[in-house]
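# Residue-level structural notes
Now for the letters of each chain:
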Amino acid sequence: WEQEASLRLRDGDEQVLAVYDLHGRLIGGTAEEMTERAVRAYLADTLTGHTSLLVTSTNHQTAELSYRIQAELVRLGRVDPHVLSADRDGNPIATGDLIQARRNNPTLTLTDTSGPEGAFATVTNRATYRVLGFDPFSGGVRIADIAGRTGVLPPEYVAEHVTLGYAATGWAAQGRTVDTCHALLDPGATRRAAYVSLTRGRESNTAYVVC
């Protein structure tokens, strides 16, 4: 049902919102209530092994909620409490964190030493990586992508072009595919923002609407 509904949403069919509501994918409440529910839903999916994404409307909100999620993951032992670096928002980065690159850099490569020769990729804008630890040679952080390729982000790149990857704006979420997506939609959200937010998840997409 969601595949067909997403096409109707893309085309601007307002009646399709009733379909999302029927399947429990639209939740309404105050900004505080919706933020709390979205964060908890994101964490619940992450802790059960799903890849998930929390979509917000502003970069400030993204940085704030990513920090909040990271703190909870540290408390639960999923992220190391020892800080390795800080991202461009000033948020701490530690081993186990999910981060997102915010600028292409073809000189920074990731390689798969166990795969065939030439199995490599370059660091690209909006790609997400898992932090593996500190790199003593460069002072940067060691990372891995979803394919298992590893590399190093130098400290200058981390400080200027990296953010925590738990939450993202609609723009930054474009191109990402996860198991589940949780979107905070404020009263000014456009149809385009709703469409992007409700099409990132393979298994489910839920909108938390600030009323």
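Note that this is a predicted model, so its numbers are computed, not measured.

Here we take up empty space enclosed by the protein. For the coordinates displayed, the defined rule picks out one cavity of 30 Å³ or more. In this model, the largest cavity occupies a volume close to 80 Å³. Lining the largest cavity are 13 residues, with N59, T62, D89, R102 and T163 sitting closest to its centre. Looking at the lining of the largest cavity, the elements that each hand over two or more residues are α4 (59-75), β11 (162-164) and β12 (167-169). For the lining of the largest cavity, the residue count by class is five nonpolar, five polar and three charged.

Attention shifts here to the sheet that holds strand β1 (residues 26-29). Across the sheet, which stays open at both edges, the five strands sit in the order β1-β14-β13-β2-β12 with parallel pairing between neighbours. At either end of the open sheet lies a strand with only one pairing partner, and these are β1 and β12. Between one strand and the next, the sheet's axes are offset by a mean angle of 25°, whatever the strand orientation. Across four bridges, the pairing between β1 and strand β14 (residues 201-210) is parallel. The partner of G29 across the bridge, within β14, is V210. The strands touched by helix α3 (residues 31-47) within the sheet are β1, β2 (52-56), β13 (178-185) and β14, with β13 carrying the most contacts at an inclination of about 170°.

A word on the nonpolar core. Ranked by size, the top nonpolar core spans 35 residues in total, and within it L54, I69, I99, V123, Y129, L153 and Y166 carry the most contacts. The dominant element in this core, judged by the number of residues it contributes, is α3, at six residues. Core analysis: the next-biggest nonpolar cluster, separate from the first, contains 16 residues, L9, V16, C181 and L198 among them.

With that out of the way, let us pick up the packing of aromatic side chains. Evaluated as defined, the whole model comprises two aromatic pairs. Measuring from centroid to centroid gives 5.5 Å for W1 and Y20, while their planes differ by 75°, and the two rings are edge-to-face. Here Y20 lies in helix α2 (residues 17-22) and W1 lies in the segment before α1 (2-10), a separation of 19 residues in the sequence. On the basis of relative accessible area, W1 is assigned to the partly exposed category, the value being 39%. When its relative accessible area of 0% is taken as the criterion, Y20 is described as buried. Each ring, one from Y42 and one from Y166, has its centre 6.5 Å from the other, and the planes form 75°; the classification is edge-to-face. One end of the pair, Y42, is in helix α3; the other, Y166, is in the loop between β11 and β12, and 124 residues separate them in sequence.

Cut-off values and rules
Residues numbered from 1 in each chain as written. Predicted model: local features only at pLDDT ≥ 70, side-chain atom pairs only at ≥ 80, totals over all residues. Heavy atoms only, no water. 1 Å grid on protein atoms, 1.4 Å probe; cavity = no way out; pocket = protein on both sides within 12 Å on 5 of 7 lines; lining within 4 Å. Points joined across faces, edges and corners; volume = space filled by probe spheres on them. Helix = DSSP H or I, 4+ residues; strand = E, 2+ residues; numbered from the N terminus. Nonpolar A, V, L, I, M, F, W, Y, C, P; charged D, E, K, R; others polar. Pairing = 2+ DSSP bridges. Axes fitted to C-alpha atoms, helices over the stretch in contact; angles between N-to-C directions. Contact = heavy atoms within 4.5 Å. Core = buried A, V, L, I, M, F, W, Y, C linked by side-chain atoms within 4.5 Å. Buried < 20%, exposed > 50% of the residue type's maximum accessible area, 1.4 Å probe, protein only. Phe/Tyr/Trp six-rings, centres within 6.5 Å; stacked < 30°, edge-to-face > 60°.

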